[in-house]
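Each chain is listed here by its residues.
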Amino acid sequence: MTPPRRKRRRPQQPAPPPSPAAARTEGEAKPGNPERLYTIAGADGARAELDLVTLIVARSAPPPTASPEVAAVLRLCVAPLSLAELSAYLQLPFSAMTVLITELITAELVQARAPIVRQAVPDRSLLEAVMHGLQRL
Amino acid sequence: MDFNGSDAIPGPRTEDHLPHTAEAAAKIVIVGGFGVGKTTMVGSVSEIRPLTTEETMTQAGIGVDDDYGSDSKTATTVAMDFGRIGITDKLVLYLFGTPGQERFWFLWNGLFEGALGAVVLVDTRRLAVSFDVMGRLEERGVPFVVAVNSFPDAPRYPIEELRTALDLGPEIPIIECDVRRRASSKDVLTTLVRFLHSLALSGTLA
């Protein structure tokens, strides 16, 4: 039996991150392109710089006036917690969670710790640390 | 601060709290077709109970999913399972199991753009399902390894025959695995990270 065959593809130059505006337009124009129910845009239309694995840490206890969601986030983030985990525990769509966290960052109620992302020149010591971490599992 | 009181929101167990020293997190994406074992793999290596993050889509996104007898045509929510591995006091690794269709990927900011790399999980009974995913990763310059999840009734091909069929360069690791086993899933991840490290040494990572 012979397996089906594939044809390799080349990297696209430049690799464009889809702009929210374009994604929105396409989403409406072409069926088959999903559109988020919640979107977040800054002044320039760019998405907030929050990643699934941005770590969020509370800077203070919930203020008495805090909404239940805000109070819950601040309680959960006594220890660092990723945006993805917050979305999971609070059962909020990731994009809605992003909106909420952006507000909390602006209000200086939480601190965000930026993720490590893939670099053009990879960080070998990082990869070595990850390898050692995996071996300890 | 403490967790006592009227906290109705389920949160991490105390033993699952990250240390306060955790400075940054990195992510690896496990991608593959429906039912290929992504969630199983996440669960077998994660140090926390696997969690699910969801994204809600408008109607425009509905209707072209795999049709394995599911109700995907009427679904409005895309779910992604993920797990976590503590690497050091300062570094955390997250694993995301994500649907193979690229049109879902942008629902989560930077899912692939920021990922260290990806594992393409394949089932030799439905090899062609993974073709598009690999092409998309190549186009985006996301380094990946191929893990063949060994289902008992699946056809077995020699690795080199698979390499030819998948049109993969000799440098890209292809490994067989049983994602139900932690040791096997760990091997897959280690293979990916070792591959990334080799790319770093040769300076070829795009």
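Up top is the structure these notes are about.
Residues numbered from 1 in each chain as written. Chains lettered and ligands numbered in written order. Predicted model: local features only at pLDDT ≥ 70, side-chain atom pairs only at ≥ 80, totals over all residues.

Considering the overall build of chain B
A count of helical and extended segments in chain B gives five helices and seven strands. Ordered by position from the N terminus, the helices and strands of chain B form the series β-α-β-β-β-α-β-α-β-α-β-α. Within chain B, the proportion of its 206 residues that are buried is 43%. Restricting to contacts in chain B with at least 6 residues of sequence separation, those with at least 24 account for 74%. (Helix = DSSP H or I, 4+ residues; strand = E, 2+ residues; numbered from the N terminus. Buried ≥ 20, exposed ≤ 12 C-beta atoms within 10 Å, placed from the backbone. Contact = placed C-beta atoms within 7 Å.)

Comments concerning the interface of chain B and chain A
Taken together, the contacts link 76 residues of chain B with 66 residues of chain A. Elements supplying a minimum of two residues to the side of chain B that touches chain A: β1 (24-32), β2 (51-56), β3 (77-86), β4 (91-99), α2 (102-105), α3 (131-140), α4 (159-165) and α5 (182-202) of chain B. Top element by residues in the side of chain B that touches chain A is α5(B). It accounts for nine residues. Taken together, the residues of the side of chain B that touches chain A sort by class into 44 nonpolar, 18 polar and 14 charged. (Nonpolar A, V, L, I, M, F, W, Y, C, P; charged D, E, K, R; others polar.)

Quick notes on helix α4 (residues 94-106) of chain A
Between its first and last C-alpha atoms α4(A) spans 18 Å; for 13 residues at 1.5 Å apiece the expected length is 18 Å, and the two agree. For α4(A), the complete set of buried residues consists of Phe94(A), Ser95(A), Met97(A), Thr98(A), Leu100(A), Ile101(A) and Leu104(A). Structurally, α4(A) contributes buried residues whose contacts are with β1 (55-58), α2 (68-76), α3 (83-90) and β3 (110-113) of chain A together with β2 of chain B. Two residues or fewer after α4(A) comes Glu108(A), characterised by a positive phi angle close to 60 degrees. (Expected span 1.5 Å × (residues − 1).)

Brief notes about unusual backbone geometry
The residue Gln91(A) is not glycine, and still its phi comes out positive at about 50 degrees. Mapped onto the elements of the fold, Gln91(A) is located in the loop between α3 and α4. A count of 12 C-beta atoms within 10 Å places Gln91(A) in the exposed class. Despite not being glycine, Asp167(B) has its phi angle at roughly 50 degrees, a positive value. By the element assignment, Asp167(B) lies in the loop between α4 and β7 (174-177).

Regarding the sheet that holds β2(B)
Sheet strands associate in pairs through backbone hydrogen bonding, adopting either a parallel or an antiparallel arrangement. Residues and elements named next belong to chain B. The strand order across the open sheet built from seven strands is β2-β3-β4-β1-β5-β6-β7, with neighbouring strands paired in mixed fashion. Only two strands of the sheet have a single neighbouring strand rather than two, namely β2 and β7. Mean inter-strand twist for the sheet, computed between neighbouring axes without regard to direction, equals 30 degrees. Alignment of strand β5 (residues 117-122) against strand β6 (residues 144-149), held across five bridges, turns out to be parallel. (Pairing = 2+ DSSP bridges. Axes fitted to C-alpha atoms, helices over the stretch in contact; angles between N-to-C directions.)

What about the pairing of β7(B)?
Residue and element names in this part refer to chain B. Alignment of β6 against β7, held across four bridges, turns out to be parallel. Among the inter-strand pairings, Asn149 is bridged to a residue of β7, identified as Cys177. Read as a crossover between parallel neighbours, the route from β6 over α4 to β7 is right-handed. (Right-handed = clockwise from strand over helix to strand, strands pointing away.)

Re the nonpolar core
Residues and elements named next belong to chain B. Within the largest apolar cluster, 86 residues are counted, with the highest numbers of intra-cluster contacts made by Ile28, Ala118, Val119 and Val120. The element contributing the most residues to this core is β1, with six residues. Discounting chain neighbours no more than four positions away, the residues touching Ile28 are Leu93, Leu95, Ala115, Leu116, Gly117, Ala118, Val119, Leu189 and Leu192. (Core = buried A, V, L, I, M, F, W, Y, C linked by C-beta atoms within 7 Å.)

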